[in-house]
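# Observations on the three-dimensional arrangement
This is what each chain is made of:
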Amino acid sequence: KMGAAAARRLAGLGYEVRVWNRSPDKARAIASDRITVAATARDAVEAADLCIALLATTDAVKAVVEELPRSFDAVLANLASGSPDDGRAVAAAVAEVLPNAFYVDGAYCGPPSALEQGTGQLFVSYENGENALDAR
């Protein structure tokens, strides 16, 4: 539900969004003129500037990271719920598997409806502060 809400919000803001879901029917249910469904996680991130991972667990995020092409060099924002140790575990997996990616750890606070309306709260953390974002 969160991923669908995020995709609809971004599409509503005018962005072209490519989505992938481990349950293809869920992805197809939100397809629109600005939301394209990808067959695989690898296809979803092709030529992306930003990849948002809204998965239920840290293990699910790490499994998807393993599927991405080593050449991935965009921002990977992990918004899966978890502890700081979980975030560090995903960061380590990203550093190992996707050496050119820029990892951002975060959390969204609120229901899917608030995300879709743009009224929820998003918290992110990243290494090296604003200098790291400026480099991107």
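Small disclaimer: the values here were computed from a predicted structure and weren't measured.

With that out of the way, let us pick up the pairing of strand β3 (residues 50-53). Moving residue by residue along a regular strand, the side chains alternate between the two faces of the sheet. Only one face of β3 is covered, namely the face carrying Cys51 and Ala53; the face carrying Leu50 and Ile52 is uncovered. Direction of pairing for β3 relative to strand β4 (residues 75-78): parallel, over a ladder of four bridges. When the bridges of β4 are listed, Ile52 appears paired with Ala77.

Of the residues in the protein, 93% have a pLDDT of 70 or more, and the chain-wide mean is 88. Per-element mean pLDDT across the protein ranges from 52 in helix α7 (residues 129-135) up to 97 in strand β2 (residues 35-37).

Another aspect to go through is the nonpolar core. Counting residues in hydrophobic clusters, the biggest one holds 20 residues, and the most contacted among them are Val61, Val65, Phe72, Leu76, Val94 and Leu98. If you list the elements that add at least two residues to this core, you get α3 (41-45), β3, α4 (58-67) and α5 (84-97). Counting residues per element, this core draws most heavily on α4, at four residues. In this view, Leu76 contacts Cys51, Val65, Val94, Leu98, Phe102, Tyr103 and Val104; residues no more than four positions away in its chain are not counted. Core analysis: the second largest hydrophobic core is formed by eight residues, Val19, Ala27, Ile30 and Ile35 among them.

The rules behind these values
- Residues numbered from 1 in each chain as written.
- Predicted model: local features only at pLDDT ≥ 70, side-chain atom pairs only at ≥ 80, totals over all residues.
- Heavy atoms only, no water.
- Buried < 20%, exposed > 50% of the residue type's maximum accessible area, 1.4 Å probe, protein only.
- Helix = DSSP H or I, 4+ residues; strand = E, 2+ residues; numbered from the N terminus.
- Pairing = 2+ DSSP bridges.
- pLDDT = per-residue confidence, 0-100.
- Core = buried A, V, L, I, M, F, W, Y, C linked by side-chain atoms within 4.5 Å.
- Contact = heavy atoms within 4.5 Å.

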